Amino acid sequence: MTQPTTVGRALALLSRIEPLRVLDVYSCIGGGTEGYRRAFRNCHITGVDIQAQPDYRGDAFHQGDAIEFIREHGHEFDFIHASPPCQGEGAPTKGTNAARNAAIGRTYPRLIVPTRAALEAIGRPYVIENVPGSEVRKDIRLCGEQFGLAVLMHRYFELGGWTTVQPAHPRHRGYVRGWRHGEYRDGPYVAAYGAGGGKATVAEIRAAKGIDWSTDHLRLREALPPAYTEWIGRAFLAAHAPALEVAA
């Protein structure tokens with residue numbers, strides 16, 4: 001989906017200059033990190049998460065507030081990826097679900113807007129990823145079917161300081177396996193969220209997302225498939241190949 005000749009030239013140029021310094025905030029176990037590692041190859045990736053992530057996939061990890069880290073250290077990186085927790089952004093926190101959550105005292109922070117403000121203040125190329133229904137700008141939409149994965153997991157990506165072309169979205173091959181509205185349906189995709197009702201097991205999520213370094217069910221459910229950010233990283237390389245050639 002990205003011009004291979006352009007990406008190949010960019011990779012060759014990266015091998016002749018300093019490693020690309022990548023920051024992955026709200027990193028979880030590093031599904032996004034692994035994709036960028038595959039795309040950039042010559043890179044050093046730092047993850048940041050408010051929770052300890054013993055299974056984190058990158059080169060360095062900092063436990064702390066993502067927005068504070070961007071403000072204090074974002075200028076030290078060449079490329080920044082952010083995946084704010086979706087619990088405060090999508091449908092579960094809106095409409096009747098929002099009223100239900102408020103009634104039981106459950107609140108979720110809305111982090112996309114302050115994260116964007118911190119990234120724009122730094123001025124580095126960035127990506128913000130989130131779910132349908134969130135406040136992220138819908139520059140790119142990716143789906144597991146685009147990569148032959150057994151999980152759909154539609155996600156949107158806001159691109160800051162660079163652009164690329166939306167790839168084609170192939171037709172889905174069937175249903176997501178499991179119970180829905182009292183009816184069980186079989187299908188080529190697994191439900192990598194929640195538990196019970198035919199939802200995916202740890203082994204099924206690992207296989208469906210292409211993540212083999214963790215067995216934590218919750219973290220696996222939250223993680224991006226590396227194929228998504230590998231595509232984003234290669235698109236970024238293709239967009240910046242002329243600048244890399246000058247730098248080299």
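Residues numbered from 1 in each chain as written. Predicted model: local features only at pLDDT ≥ 70, side-chain atom pairs only at ≥ 80, totals over all residues. Heavy atoms only, no water.

1. Details of the overall build of the protein chain
- If you tally the helices and strands in the protein chain, you get eight helices and nine strands.
- Among the 248 residues that make up the protein chain, the fraction classed as buried is 47%.
- In the protein chain, once contacts between residues fewer than 6 apart in sequence are set aside, the share between residues at least 24 apart is 59%.
- For the protein chain, the computed accessible surface area is about 11,900 Å², with 52% contributed by carbon and sulfur atoms. (Helix = DSSP H or I, 4+ residues; strand = E, 2+ residues; numbered from the N terminus. Buried < 20%, exposed > 50% of the residue type's maximum accessible area, 1.4 Å probe, protein only. Contact = heavy atoms within 4.5 Å. Areas by Shrake-Rupley, 256 points an atom, 1.4 Å probe, with all protein chains shown as cover.)

2. Points about the sheet that holds strand β7 (residues 155–160)
- The strand order across the open sheet formed by seven strands is β3-β2-β1-β4-β5-β7-β6, and the pairing between neighbours is mixed. Since the sheet does not close on itself, it has two edges, and those belong to β3 (60–63) and β6 (140–142), each with one partner. Across the sheet, the mean angle from the axis of one strand to that of its neighbour is 20°, orientation sign disregarded.
- Pairing geometry for strand β4 (residues 79–82) and strand β5 (residues 126–130), over three bridges, is parallel. Residue pairing across strands places alanine 82 opposite isoleucine 128, the latter belonging to β5. (Pairing = 2+ DSSP bridges. Axes fitted to C-alpha atoms, helices over the stretch in contact; angles between N-to-C directions.)

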